[in-house]
Every structure is written in C-alpha cells, then in structure tokens.
Amino acid sequence: MNIKTRRIIHHACWFTLLGPFTGVPLTVAITVLYFRDSPWELLFDISRVLPQFLVLTWLIGALPALATGALSACLPDRIYDSRYWRSLTCAAIGGALALLYELIPHALSARALFTHEFVWIVFCTGLFAGGVLGFWVPRLAGHGNRPSAVQPETKG
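Worth saying up front: this structure is predicted, and the values here are computed from it rather than measured.

Criteria and cut-off values
- Residues numbered from 1 in each chain as written.
- Predicted model: local features only at pLDDT ≥ 70, side-chain atom pairs only at ≥ 80, totals over all residues.
- Heavy atoms only, no water.
- pLDDT = per-residue confidence, 0-100.
- Contact = heavy atoms within 4.5 Å.
- Core = buried A, V, L, I, M, F, W, Y, C linked by side-chain atoms within 4.5 Å.
- Buried < 20%, exposed > 50% of the residue type's maximum accessible area, 1.4 Å probe, protein only.
- Helix = DSSP H or I, 4+ residues; strand = E, 2+ residues; numbered from the N terminus.
- Axes fitted to C-alpha atoms, helices over the stretch in contact; angles between N-to-C directions.
- Parallel < 35°, antiparallel > 145°, perpendicular 65-115°, else oblique.
- Left-handed = near helix turned anticlockwise from the far one by under 90°.
- Salt bridge = Lys/Arg side-chain N within 4 Å of Asp/Glu carboxyl O.

Chemist: Break down the confidence of the model for the chain for me, citing the residues and quoting the values.
Modeler: Per-residue confidence for the chain gives a mean pLDDT of 81; residues scoring 70 or more make up 80%. Within the model, the stretch residues 146–151 combines pLDDT values under 50 with 4 contacts to residues more than four positions away or in other chains.

Chemist: If you had to explain the nonpolar core to someone new, which residues and values would you point to?
Modeler: Among soluble globular proteins, nonpolar side chains are generally buried collectively. Formed by Val24, Val28, Val32, Leu42 and Ile46, the largest nonpolar core amounts to 5 residues. At the level of secondary structure, the elements contributing two or more residues to this core comprise helix 2 (24–35) and helix 3 (39–48). A total of 3 residues in this core trace back to one element, the largest contributor, which is helix 2. Those residues in contact with Val28 that sit more than four places away from it in its chain are Leu42, Leu43, Ile46 and Phe53.

Chemist: Run through the packing of helix 4 (residues 50–73) against helix 6 (residues 83–103), naming residues and quoting values.
Modeler: Interhelical geometry of helix 4 versus helix 6 gives an angle of 140 degrees and a closest axis separation of 9 Å. Comparing the axis directions of helix 4 and helix 6 gives the class oblique. Helix 4 and helix 6 meet at a crossing whose hand is right-handed. Taking contact as the criterion, the partners of Leu59, Ile60, Leu63, Pro64, Ala67, Thr68, Leu71 and Ser72 in helix 4 are, on helix 6, Cys90, Ile93, Gly94, Leu97, Ala98 and Tyr101.

Chemist: Kindly report on the pattern of salt bridges, identifying the contributing residues and their values.
Modeler: Where side chains of opposite charge bring their charged atoms close, a pairing between them can arise. Summed over all chains, the structure comprises 1 salt bridge. A salt bridge links Arg7 to Asp77, with the shortest nitrogen-to-oxygen separation between them at 3.7 Å. Placement of Arg7 in helix 1 (residues 3–22) and of Asp77 in helix 5 (residues 77–80) is noted, with a sequence separation of 70 residues between them. Given a relative accessible area of 48%, Asp77 falls into the partly exposed group.

What follows is the structure, encoded as structure tokens:
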C-alpha cells in the first residue's frame, strides 16, 4: 500500500474517531457562556441524556472530521512537516467544513449565519478540533508515514 494512502487512512480514522468528541468541552463552555445562567444546570441536563448527547455529537461531527482528516493527510510536505502550520491548516479546514456542513440544510444562506447561533458553535468546535487533532494525530499509533511496519535490525 502506498505511503500516502496509508497516511490518508490513518488520519481519516483518527479524525473521525476523535474529532467530534474533541470539540465537546468547547461546545459545553460556549453553551454555558451564551445560553445558560448556571453552568451546573447545563451539566445536569447533559448528564441526564449523556448517551444521546454523545451519539448526536458524533453524528453531527463525523463527516466533517472525516473530510478534515483526509485533507490534512494530503497537505504538501512543507506544511505537513511543521506541526504548527499543519495544526493551523487543519483548524482552517475543520472550521470551514463544519460551517459548510451546518449551512447546507439552510441552503447556504447568509441569513443562517446571523440567525442561528448553533452554526457558530459548530464552526468554533470544528476550528478547535481541527487544530488540536492536526497537532496530535501524526503522533498517534498506526502512523501511515512509515515505509514498512517492520524495520530490519542491523548489527554493528
């Protein structure tokens, strides 16, 4: 299997698995600051529906996370080799894809940007998750940049 293909599969899997959940703390923080008077009230509400909350979070974020992971693996080597540029680029890709994914049901209208607060929450969490995962995913197990899984031992 080609090294680039392995890197795409590696990034797509890790971004899809972790991406939607990486933005959960930021989503909770934004929601507490914006919509609620008491953070404890929101945490209590979330704790009552935690399994549904996690499934819904993953369903909303899995497709943009998958696309962000695949696109991040295809970055030019100059950008990909610098973890800061890679992180910044992945944040931009993640935010843009999350925003598009959220605006598609609203027919990409500019009105939805100003009337739906959830669009901005999704954008901020996509931005955050893309940046964090762009920084850490190449260091996770199963990295696709290795030429072979088994390195020959050398004596000497």
